Amino acid sequence: MVCSEIIAGIKNIFGTFEALSVTQAYTDEIHIKVSPGLFKDTCLALHKMLSSSVYMLFASDERRARGIFTINCVFGNLKQGQWIIISIDIPQDEAYFDSLAKTIYSASLFEREIWEMFGIQPKGSPDLRRLRLHNEVWPKGNYPLRKDFQKLQAGDLGDYEFDRVEGDGVFEVPVGPVHAGIIGPGHFRFSVAGEPIINLETRLGFTHRGVEKLFEGQSCIEAIRLAECVSGDASFAHSLAFTQAAEKISGIFIPKQAVYLRAIFLELERMYNHVNDIGGMAVDVGFSFPSAYASVIKEALLKLNDLLTASRYLKKVNTVGGVLKSLDENKKQILLDSLKRIENDFNELVKILYSSVSFMDRIDTTGALRRKTAEGLGVVGLIARASGIPADLREYFSTIYKEARFKIATEESGDVLARLKLRIAEFKESIRLIEVFVGKLADDKEINVNPEFKEGRALGYVEGWRGPVLYWMEIDTAGLIQRCKVVDPSFLNWQGLSYAVLGNIIPDFPLCNKSFDLSYSGGDL
Amino acid sequence: MLQILKNRILKGILTRRIELESSRVIGDADLSVRRAGSELRSLIRKKFGRSLHIRQVDTGSCGACESEIISANNPIYDLQRFGVNFVASPRHADALLVTGPVSKNMLIALNKTYEAMPEPKFVIACGDCALGCGPFKDSYYVCGAVKDILPVVLHIPGCPPNPLQIILSLIAFLK
Ligand code: SF4
């Protein structure tokens, strides 16, 4: 869709629409600027027109240069491979905007985030509790993402208010932040009536490390290493989304060789994580042989990563302008041979799981997330696909995946079984894709050295193994990062888990949780 | 069932031999063990023998350190054969294995977990973040590295440390 079509579409929905400016910033990005009064209506119109949830909603502090804050809302026009970004300027002494949360639920977590980090109030929002800066340790009135935030000022501390479920025989079961397994920290509060869970409230933020602030002032090359540490099991996806944004802003050319290599590494990351989760689901029903078997396959993949790139988690592989590791003939052969063996083992693993009636019985219909709920919440990535939403950025945005005839996998039932089947299908598809991409590797250089950085702003996006990893970047004239907004798919998908477990029993929670396998650190930043 | 038996027989034993003597591989970890002092080590030997029960706490890690700790327990590395077990409750633990820089939100939980452990108890820091906060050093929300909060007797360096490093460090600590 070109700009004029979008504007005509919005006008169709509410007649008097007048944008301040409309620019096609890049082939895949349209920026629309409106006056603050029109923000809510414009977002509603786009939400309706594109049937897109809010992918990102974030603020930026530009008071030093222009005396304003900006609010930006990102919608996806997936079918046409486009992002549409609505932005408004708000004066610093009137720091508020109209809340979208009541009509577009997927905006609600983002609004809470803006309120706690910038102190910009979403007017009319039904929920302004803090997500990451816990009231018990972070005094009121400190907004860390404001540019003039220096040191923590003393102020009132408080408590977090959980939603209360009351009634005869309703019990509350609090769990966490420290759990029984080797796993990240989060607090889960179950309300149960008898056995079934009737409400689950998740309180997160325990691994908050202030990543977005740490990005500010760093050069792009340095900051890649930080991007890799946002969520360690998706380090390649994060570094890739980051570098894409930087490359887009500066118009840096990427050699074809690097494009294929990046896709290969991205798929390798998907594979080791998917098999890990399949094993995890087996652990959580006490089925130990396949879980051990899966961990052997995972180890084979990590070792393969190590062999190809000298890093088991594909760290220090990616950079702005290309990749630092190349695959010579020998390595290509090792990669293809290993994949053959891994594929055989994987097929055995699937057979073992599918031939166990008790296992299948346990996961079928467990933890179902219906499509309607999933759409309302704005969940993304694998979880959305398991509930029947055909959303995969690889399908819509990437030419090399199109060339390779990538087939998007979806399931309808939205339960643990659906998520298992989807992982199995994606694992196999990844093997196929890697084989295709390896065949395309030519004798070309894999990096464009000494790239020059320009000023500007852009969105980087990648379909990581959990779902879309999004990086919004603003770079100044000196080539330093002014703002970097990160959205890991876990951030939106945690709410999906709260709905998927309803009606299930607490002993099935670990199973549901593993079938989602969300990142604590990715969501908490 | 037949599937399982078939694969069990075909695969054989995957567990890899680990040369405990090769202190070369241990590198820095070996040094920090020595620094832990002979007094402490004799205490460990006396109290725990060759067994160690560990409770893991994530105070803000990126998740890769956990992933490698889990890998150390897989059939290939099989940490359990050396008498090291991961337990579900701090009440059952001899040592606390901490990953990640300490986020403000985890400070209370970390201290409470430590308090819940019976004496004698030890703290082990796993990964560069736990060691010195890694890339999160200057964050407004990080209280410091683990050693700033609790007495740490063993450091396992790496980002993330690989399973072999983890195992060798722990065994060296027990010896
Ligand atoms: S040391 Fe590295 S792998 Fe471990 S938590 Fe820190 S960043 Fe992640």
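This write-up is about the structure you can find in this document. All residue numbers refer to position in the chain's written sequence, counted from 1. Written order determines the labels here, with chains lettered from A and ligands numbered from 1. The predicted nature of this model means local features are confined to residues of pLDDT at least 70 and side-chain atom pairs, given and counted, to a pLDDT of 80 or more, with totals for whole chains, interfaces and linings taken over all residues. Water and hydrogen atoms were dropped before computing side-chain values, which therefore reflect all heavy atoms in the structure.

## Some words on a nonpolar patch on the surface
All names here are of chain B.
Logical step 1: Together, Met1, Leu2, Leu5 and Ile9 make up a nonpolar patch on the protein surface, roughly 510 Å² of accessible area in all.
Logical step 2: Its location among the elements puts leucine 5 in helix α1 (residues 2-11).
Logical step 3: Note on exposure labels: buried denotes an accessible area under 20% of the residue type's maximum, exposed denotes more than 50%, and partly exposed covers the range between, all computed with a 1.4 Å probe on protein chains only. By relative accessible area, which is 43% here, leucine 5 ends up partly exposed. Here a patch means residues that are over 30% exposed by relative accessible area and free of salt bridges, tied together within 9 Å if like-charged and within 5 Å if nonpolar (Val, Leu, Ile, Met, Phe, Trp, Tyr). Per-residue and other accessible areas were derived by the Shrake-Rupley procedure at a 1.4 Å probe size, with only the shown protein chains allowed to occlude residues. The salt bridge criterion pairs a side-chain nitrogen of Lys or Arg with a carboxyl oxygen of Asp or Glu, the two atoms within 4 Å. Where helices and strands are cited, they refer to DSSP runs of H or I of at least four residues and of E of at least two residues respectively, numbered from the N terminus.

## Quick look at the interface of chain B and chain A
Logical step 1: By definition in these notes, contact holds between two residues if any of their heavy atoms fall within 4.5 Å. Each partner contributes residues to the interface: chain B has 49 residues there, and chain A has 52 residues.
Logical step 2: Summing both partners gives a buried area of about 3800 Å² for chain B against chain A, and 65% of it is carried by carbon and sulfur.
Logical step 3: Computed with a 1.4 Å rolling probe, the buried area is the accessible surface lost when two parts are put together, summed over both parts. Of all residues in chain B, the largest losses of buried area upon contact with chain A belong to Cys62, Asn105 and Tyr140 of chain B, amounting jointly to 17% of the total for that side.
Logical step 4: Taken together, the connections running from chain B to chain A amount to 2 salt bridges.
Logical step 5: Note that glutamate 68 of chain B is salt-bridged to arginine 312 of chain A, the shortest N-O span being 2.6 Å.
Logical step 6: Counted as a polar contact is a pair of N or O atoms within 3.5 Å, where, for protein atoms, one must be capable of donating a hydrogen and the other of accepting one, and residues adjacent in sequence contribute only when both atoms are in side chains. At the junction of chain B and chain A, the tally comes to 21 residue pairs in polar contact (both at pLDDT 80 or more).
Logical step 7: Counting only elements with at least two residues in the side of chain B that touches chain A, the list comes to α1, β1 (52-58), α5 (64-72) and α6 (107-116) of chain B.
Logical step 8: Throughout, the ten residues Ala, Val, Leu, Ile, Met, Phe, Trp, Tyr, Cys and Pro are labelled nonpolar, Asp, Glu, Lys and Arg are labelled charged, and all others, Gly among them, are labelled polar. Of the residues in the side of chain B that touches chain A, the class split is 25 nonpolar, 15 polar and 9 charged.

## Description of the site of the ligand
Logical step 1: Around the ligand sit Cys229 and Lys315 of chain A together with Ser61, Cys62, Ala64, Cys65, Gly127, Asp128, Cys129, Gly158, Cys159 and Pro160 of chain B, and that is every residue in its neighbourhood.
Logical step 2: Those elements that place two or more of their residues in the shell around the ligand are α5 and α7 (128-132) of chain B.
Logical step 3: Residues of the shell around the ligand, tallied by class, amount to 7 nonpolar, 3 polar and 2 charged. Residue proximity to a molecule or strand is established when one non-hydrogen atom of the residue lies within 4 Å of it.

## With respect to the sheet that holds strand β10 (residues 197-203) of chain A
Residues and elements named next belong to chain A.
Logical step 1: Here the rule is simple: two strands pair whenever DSSP picks up at least two bridges between them. Judged by pairing direction, the sheet is antiparallel, and its 3 strands sit side by side in the order β8-β9-β10 without closing on themselves. This sheet does not close on itself; its edge strands, each paired only once, are β8 (170-175) and β10. Each strand of the sheet is rotated relative to its neighbour by a mean of 15°, with strand direction disregarded.
Logical step 2: Relative to β10, strand β9 (residues 187-193) runs antiparallel, the two sharing 6 bridges. By the bridge assignment for β10, valine 192 is matched with isoleucine 197. Axes here refer to lines fitted to C-alpha atoms; in helices the fit is confined to the stretch in contact. Angles between the N-to-C directions go from 0 to 180 degrees.

## Some thoughts on the sheet that holds strand β13 (residues 456-463) of chain A
All names here are of chain A.
Logical step 1: Taken in spatial order, the 3 strands of this open sheet run β13-β14-β15, and their pairing is antiparallel. Where the open sheet ends on each side, the last strands, each with one partner, are β13 and β15 (481-487). Averaged over all pairs of adjacent strands, the angle between their axes in this sheet comes to 15°, without regard to strand direction.
Logical step 2: In this structure, β13 lies alongside strand β14 (residues 468-475), joined through 8 bridges in antiparallel fashion.

## Notes on the pattern of salt bridges
All names here are of chain A.
Logical step 1: The tally for this structure, following the rule as stated, stands at 42 salt bridges over all chains.
Logical step 2: Between arginine 203 and glutamate 136 there is a salt bridge, with its nearest N and O atoms 3.0 Å apart. One end of the pair, arginine 203, is in strand β10; the other, glutamate 136, is in the loop between β7 (121-123) and β8, with 67 residues separating them in the sequence.
Logical step 3: Classification of arginine 203 by relative accessible area gives buried; the value is 8%.
Logical step 4: Exposure remark for glutamate 136: the relative accessible area of 29% places this residue in the partly exposed category.
Logical step 5: Put simply, lysine 340 and glutamate 435 hold a salt bridge, and the shortest N to O gap is 3.7 Å. Taken together, the residues span a long stretch of sequence, with lysine 340 in helix α10 (residues 329-354) and glutamate 435 in helix α16 (residues 416-440) at a distance of 95 residues.
Logical step 6: Residues joined in a network through salt bridges with shared partners are Glu267, Arg270, Arg385, Asp392, Arg394, Glu426 and Glu463.

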